[in-house]
Amino acid sequence: MTESERSKYIDGACEHFRALVTEQLDRAERMKERERTDFSKLDKIKIGVVDGDGIGPIIMSAARRVLGALLADEIKSGRVEMCDIEGLTIERRLSLGVSVPDDVMAAIKSCHVLLKGPTTTPKGTTMESANVTLRRELDLFANVRPVRIPSENVDWTFFRENTEGEYVLGSRGYDIPDTLAFDFKVTTDEGTRRIAKAAFDYAAANVKRHVAIVTKANIMKKTDAKFSAICHEVAKDYPSLELEDWYIDIMTANLVNKSIRSRFEVFVLPNLYGDIITDEAAEIGGGVGTAGSANIGDRYAMFEAIHGSAPRMVEEGIAEYANPTSILRACELMLSHIGFNDKAKKLSASLTKCCDVERRVAVTGNRDGATCADFAEYVAENI
Ligand code: IPM
Ligand code: MG
């Protein structure tokens with residue numbers, strides 16, 4: 001590289017970084033304005049429903065069937081409205097060149113909560129994942145992912161920070177071709193405070209004592225060290241909780257260690273570690289087809305399956321055999337978020353009966369198992 005090329009890249013990087021710092025300072029400032037939706041005060045709760053791609057439309061029709069049974073009275077009386085939102089397909093996103101088209105975003109923002117089918121992230125394009133866009137635009141800062149193994153007394157709830165860390169500038173790194181590349185990770189005080197509070201409030205409300213803060217603060221000395229320090233600061237308001245710091249590598253090992261894993265209860269962790277470890281946890285808890293995921297913000301919330309759109313199942317012609325358990329678990333999380341705890345419990349009990357106890361209709365994800373629609377019928381009948 002010539003001297004002049006070198007200085008061009010260095011100047012370019014400084015300019016790029018200046019813009020990022022400016023923007024992130026503005027984001028940190030905006031985060032202080034908190035305005036929460038109180039579902040108990042709403043005359044009507046609008047639930048947006050987006051099908052997504054791949055197996056999305058199939059598992060979402062299972063979700064519609066089961067929610068229709070659970071919320072029949074509320075839908076009839078007008079207390080709940082289910083609003084189908086079209087147009088968030090991979091074909092449309094690619095043709096418009098945007099991760100979430102404006103009309104879809106506007107329709108989503110006109111609802112209180114969103115139930116979302118999996119959306120394919122196009123490979124080989126610079127387009128952002130729809131999930132990342134939605135989490136950022138709706139400021140869904142807490143990704144809550146419960147995993148239970150009743151037979152082992154495992155009851156884990158992960159609070160993954162969902163809007164910053166490695167994700168916030170994930171599409172905005174700096175590349176010096178054929179030489180090197182940078183990505184950026186951003187952790188804010190307010191962003192950490194709010195996820196810590198969410199995790200601790202959950203622990204306190206659910207009589208959990210043990211909270212594990214999971215970072216890699218021995219290496220990420222600015223961002224993760226801040227994350228841990230702020231969690232400890234926030235925890236001063238929760239004297240009954242027992243906090244432990246763990247590094248992500250050993251925690252990943254702990255989860256497969258049957259002799260100690262049941263002692264963990266609540267986990268709070270930065271975005272990327274949370275992404276990775278919740279797939280591991282879901283797999284331990286029965287597979288990524290079985291765990292639900294809640295993305296919670298002050299104003300909006302989005303509920304989805306933990307898995308992706310499974311294009312392979314569509315290519316192989318077995319999409320109708322997809323397992324809807326993960327999106328049904330997400331429905332359970334949504335019902336309790338909007339204040340229908342009794343309905344959430346009913347759905348949970350039916351899922352436990354259908355998946356773990358009776359198993360009269362079992363999906364395998366293949367032709368040897370039941371179809372998604374038959375399984376949804378089975379769950380609806382057991383409500
Ligand atoms: C998840 C997914 C997403 C993530 C993808 C689809 C962007 O893996 O919800 O865990 O990385 O957060
Ligand atoms: Mg993931």
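Computed from a prediction, not measured in an experiment: that's the story for all the values here. (Residues numbered from 1 in each chain as written. Chains lettered and ligands numbered in written order. Predicted model: local features only at pLDDT ≥ 70, side-chain atom pairs only at ≥ 80, totals over all residues. Heavy atoms only, no water.)

*Asks:* Help me understand the overall build of the protein chain, please; the structure alone is not making it clear to me.
*Replies:* Across its full length, the protein chain carries 14 helices and 12 strands. Compactness check: the protein chain gives a C-alpha radius of gyration of 21 Å against a globular reference of 21 Å for 383 residues, within 12% of the reference. Sorting the 383 residues of the protein chain into buried and exposed places 50% on the buried side. Contacts spanning at least 24 positions in sequence make up 73% of the contacts within the protein chain whose residues lie at least 6 apart. A total accessible area of about 18100 Å² is found for the protein chain, and carbon and sulfur atoms account for 51% of it. Of the side chains in the protein chain, 50 bear a positive and 60 a negative charge, and the two mean positions are spaced by 3 Å. (Helix = DSSP H or I, 4+ residues; strand = E, 2+ residues; numbered from the N terminus. Rg over C-alpha atoms; globule rule 2.2 N^0.38 Å. Buried < 20%, exposed > 50% of the residue type's maximum accessible area, 1.4 Å probe, protein only. Contact = heavy atoms within 4.5 Å. Areas by Shrake-Rupley, 256 points an atom, 1.4 Å probe, with all protein chains shown as cover. Lys, Arg positive; Asp, Glu negative; His and termini not counted. Charge placed at Lys NZ, Arg CZ, Asp CG, Glu CD.)

*Asks:* I would appreciate a short explanation of the domain arrangement of the protein chain in the present structure.
*Replies:* The extent of an interface is frequently quoted as the accessible surface area lost upon association of the parts. Assigned domains of the protein chain: these are domain 1 (39-140 + 297-383) and domain 2 (147-159 + 177-288). Domain 1 puts four residues into the contact, and the matching count from domain 2 is five residues. Summing both partners gives a buried area of about 400 Å² for domain 1 against domain 2, and 45% of it is carried by carbon and sulfur. Per-residue buried area on domain 1 facing domain 2 is highest for Asp139, Ile306 and His307; these three make up 78% of the total on that side. Ionic pairing is found between Asp139 and Arg194, a salt bridge with its closest N-O pair at 2.9 Å. The interface formed by domain 1 and domain 2 holds one residue pair in polar contact (both at pLDDT 80 or more) in total. Looking at the side of domain 1 that touches domain 2, its residues break down into one nonpolar, two polar and one charged. (Domains from an automatic or database assignment. Buried area = accessible area lost by both parts, 1.4 Å probe. Salt bridge = Lys/Arg side-chain N within 4 Å of Asp/Glu carboxyl O. Polar contact = N/O pair within 3.5 Å; in protein donor to acceptor, adjacent residues only side chain to side chain. Nonpolar A, V, L, I, M, F, W, Y, C, P; charged D, E, K, R; others polar.)

*Asks:* Would you take a moment to explain the site of ligand 1 for this structure?
*Replies:* Taken together, the neighbourhood of ligand 1 is formed by Ser129, Asn131, Arg135, Arg145, Arg160, Tyr167 and Asp275. Between an oxygen atom of ligand 1 and a side-chain N or O atom of Arg145, the distance comes to 2.8 Å. With respect to ligand 1, the side chain of Asp275 contributes an N or O atom lying 2.8 Å from an oxygen atom. Considering ligand 1 on its own, with 320 Å² of exposed area, one finds that the protein chains cover 75% of that surface. (Near = heavy atom within 4 Å.)

*Asks:* How should I be thinking about the packing of aromatic side chains in this particular structure?
*Replies:* Between two aromatic rings, the relevant description is the distance of the centres plus the angle of the planes. Under the criterion given, the structure shown has nine aromatic pairs. A ring pair is formed by Phe200 and Tyr238, whose centres lie 5.4 Å apart and whose planes are at 65°; its orientation type is edge-to-face. With Phe200 in helix 7 (residues 189-205) and Tyr238 in the loop between helix 8 (223-235) and strand 9 (242-247), this pair connects stretches of sequence that are 38 residues apart. A residue is classified by how much of its surface remains accessible, and Phe200, at 0% relative accessible area, is buried. Overall, Tyr238 belongs to the buried group, its relative accessible area being 14%. Where Phe264 meets Phe267, the ring centres are 6.0 Å apart and the plane angle is 40°; that geometry is what we call tilted. The class for Phe264 is buried, based on a relative accessible area of 0%. Taking relative accessible area as the criterion, Phe267 reaches 0% and is therefore assigned buried. Connected via pairs of aromatic rings, a cluster forms that spans Trp156, Phe158, Trp246, Phe264 and Phe267. (Phe/Tyr/Trp six-rings, centres within 6.5 Å; stacked < 30°, edge-to-face > 60°.)

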